[in-house]
Amino acid sequence: MSKRQKFVLRRLGSALLIAFLAVSFSFVLFRALPGDAINFSRVPNATPEQVEALRHQLGIDRPLVVQYGLFFQSLAHGDLGLSFRDQQPVLGTLLVAVRNTLPLLILGTVIAIVVGTLVGVTAGYGQGTARDRLMTGLAMLLYSMPVQWLALLLVVGLSRWFPSSGVSDPFLLDTGFWAVFTDRAHHIALPAVCIALMVFGPFALVARSSQLEALADDHVLTARAKGYGNRRVVWREAFRSAILPIVTLSTLTLGFAIGGQVLVESVFSWPGVGLATVRAVSARDYPMLQGIFLFITLSVVAFNFLGDVMHAVLDPRVAE
Amino acid sequence: MSLTRRLLRRRTVLVGGIVVFAFVLIAILAPLLEPYPVGKISGDPFAPPSAAHWLGTDQIGHDMLSLTLDGARNSMMVGFAAAIVAIVIGGTLGILAGYRGGWGETGVAGLTDFFLVIPSLPLMIVIAALFGQTIYHIILVIGLLSWMGVTYVVRAQVHTLKERGFVARARSLGAGDFHIIRRHILPHVAPLLVAQTVLSVATSIFMEAALAFLGLGDPQRISWGTIIQRANQNSAVSSGAWWAIVPAGVCIALVVLGCFLVGQGVEEAINPRLGHAHVSPRFFRRRTATVEDEQ
């Protein structure tokens, strides 16, 4: 087994361990905290017998250890329980939400990653120049703005041209491909731009400092001494070593963007994981909240692992 | 040149510091500055900015300027209090783990890594929803979930500090652990703690605004976060009442930017060779050290 394979296996092991711990953590969070599901669920004036029956039905009258085992057992069957709000299986609702969230999340972060990298690399090349200051300043400023506020400003400023809520127009009559496509594209524009603006700031700053670090490398000096032009030095020599932290951060970004997504979806009424979170919070729908929390945490763990793998692929030194 | 002098020579640190200080003053002096008492209906609903109401009014007719000033008190309080909670926990864990080494350090490092992986906003939402919504709970929730960045940085620093000559000398003279930590380690990590505190203030103000926007703020108090949330809920946007939304967000952005500038400046001044890929521990947890050429 090569060193690289060993490295990937070790990272896989630690990712699985963290995933196990995170699942256990969510069990502790939702089951063992003071009060139990019965206190939270809305059963006013329930008789003690009814409460007892409900506790039995939910399995929370058994010892914690047994509950812990059962929790893993049902999780393995993909059973996340029933939502308090509509008595539907959490998993089904969650999957629909995920399907809505993904296009928005991916579109927004991809725009931010591409633009952020371009801006960061250009800014890093002319460190200290007016252009660098302007770009760094803009990135810092965007980074300092609350996402929900940025989203509201976008709605105030641009909702005349772009719809500001939902994924599609429910009254659309034309069902042709292009009509549907334009309608969807119109609806996704504002929230995607908002997510892009949110991710762009930190991403550009990171790209800039990776590029600075790479430009200070010896091999860049050599390339310069060989007489290569600016474009080649910046993009082919320096950027190739700067790409490593940028790739690692891209995977981490997806994890963090999911957090910000909650706020953006809430402003734009985008029926994804974020909006599901907001609804679950206001209805105190704990099974749903737990499902969402598990989903987000596990996808972040998975993305981190993906980042490690890509790191190992791009840089063989990592395994040593 | 002393650290303070070096810091004040940086224009960004000076500007950031002045902004943050100004907002601290505003927060303290808010009751004196407010043109109308908070809670008094002094105009028409959603009245645009005018001579009587510089920033217009909200959906009920409260003066926006008074609300924004009063919001400064609670937002800044949450920011600083949560930052202190995070620093006390993170600093203590970081110093003890870095100084002791061994199993303790491995354990703390593992714990830090674990909590760094778990996305903090969703976790805060869950815990805030479980806890109940008073401002003290919010401070605790934010503080208890943002110590990881501090521990991460402090532990690394202490780990290298304890190998340095002056610690070995102090120990050979018979100094105890407590003495060494207090007299030799702490002064060296103090600037780092200051930088982390300032960055934490920014993060905490952000988080409070996010929680408030999701309806998890303290309903009894006005913060910049609740101002934005209420404006949104009462359809300020569709009424075109931008003045009900803009001021609170501008305040948050200014304070957060000020904190970033100061925190970043302090970090760079402590260790000029360690320019850094991150601006704050808020989003990006993996740090890469870079060599930044000073202009």
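You'll find the structure just up there.
Residues numbered from 1 in each chain as written. Chains lettered and ligands numbered in written order. Predicted model: local features only at pLDDT ≥ 70, side-chain atom pairs only at ≥ 80, totals over all residues. Heavy atoms only, no water.

Looking at the overall build of chain A
For chain A, the helix and strand inventory stands at 12 helices and zero strands. In sequence order, the secondary structure elements of chain A are arranged as α-α-α-α-α-α-α-α-α-α-α-α. Taking the principal axes of the C-alpha coordinates as reference, chain A spans close to 85 × 60 × 40 Å. Restricting the contact set of chain A to residue pairs at least 6 apart, pairs at least 24 apart contribute 74%. With an accessible surface of roughly 15800 Å², chain A has 65% of that area assigned to carbon and sulfur atoms. (Helix = DSSP H or I, 4+ residues; strand = E, 2+ residues; numbered from the N terminus. Contact = heavy atoms within 4.5 Å. Areas by Shrake-Rupley, 256 points an atom, 1.4 Å probe, with all protein chains shown as cover.)

Quick word on the packing of aromatic side chains
Residues and elements named next belong to chain A. Evaluated as defined, the whole model comprises 16 aromatic pairs over all chains. Residues Phe 71 and Phe 72 carry aromatic rings whose centres are separated by 6.0 Å and whose planes lie at 80° to one another, so their mutual orientation is edge-to-face. Look at Phe 71 and you get buried, because its relative accessible area is 6%. Residue classification places Phe 72 among the partly exposed positions, given a relative accessible area of 25%. Over the ring of Tyr 228 we find Arg 232; its NZ or CZ atom is 3.9 Å from the centre of that ring. (Phe/Tyr/Trp six-rings, centres within 6.5 Å; stacked < 30°, edge-to-face > 60°. Buried < 20%, exposed > 50% of the residue type's maximum accessible area, 1.4 Å probe, protein only. Lys NZ or Arg CZ within 6 Å of the ring centre and 35° of its normal.)

Topic: the environment of Val98(A)
Residue and element names in this part refer to chain A. Its location among the elements puts Val 98 in helix H5 (residues 90-125). The sequence separation of Val 98 and Ile 292 amounts to 194 residues, and the corresponding C-alpha distance is 9.6 Å. Beyond its immediate sequence surroundings of up to four residues, Val 98 is in contact with Val 273 and Phe 295.

Structural notes on the interface of chain B and chain A
Contacts between the two partners involve 48 residues from chain B and, on the opposite side, 53 residues from chain A. Between chain B and chain A lies a buried interface of about 4700 Å² when both sides are counted; carbon and sulfur atoms form 77% of it. Our enumeration of links across chain B and chain A arrives at zero salt bridges. Counting the contacts that link chain B with chain A gives two residue pairs in polar contact (both at pLDDT 80 or more). The class makeup of the residues in the side of chain B that touches chain A is 36 nonpolar, eight polar and four charged. (Buried area = accessible area lost by both parts, 1.4 Å probe. Salt bridge = Lys/Arg side-chain N within 4 Å of Asp/Glu carboxyl O. Polar contact = N/O pair within 3.5 Å; in protein donor to acceptor, adjacent residues only side chain to side chain. Nonpolar A, V, L, I, M, F, W, Y, C, P; charged D, E, K, R; others polar.)

Thoughts on the environment of Gln57(A)
Residue and element names in this part refer to chain A. Considering the arrangement of structural elements, one finds Gln 57 in helix H3 (residues 48-58). On the basis of relative accessibility, which here comes to 64%, the residue Gln 57 falls in the exposed class. Separated by 41 residues in sequence, Gln 57 and Leu 16 have C-alpha atoms that sit 31 Å apart.

Section: the nonpolar core
Leu123(B) and Trp224(B) are the most contacted members of the largest nonpolar core, which has 140 residues in total. Ranked by residues supplied to this core, first place goes to helix H11 (residues 246-270) of chain B with 13 residues. Residues contacting Leu123(B), with those up to four places away along its chain left out, are Phe25(A), Leu29(A), Phe293(A), Phe115(B), Ile118(B) and Leu145(B). Core analysis: the second largest hydrophobic core is formed by 17 residues, Tyr99(B), Val167(B), Ile180(B) and Val189(B) among them. (Core = buried A, V, L, I, M, F, W, Y, C linked by side-chain atoms within 4.5 Å.)

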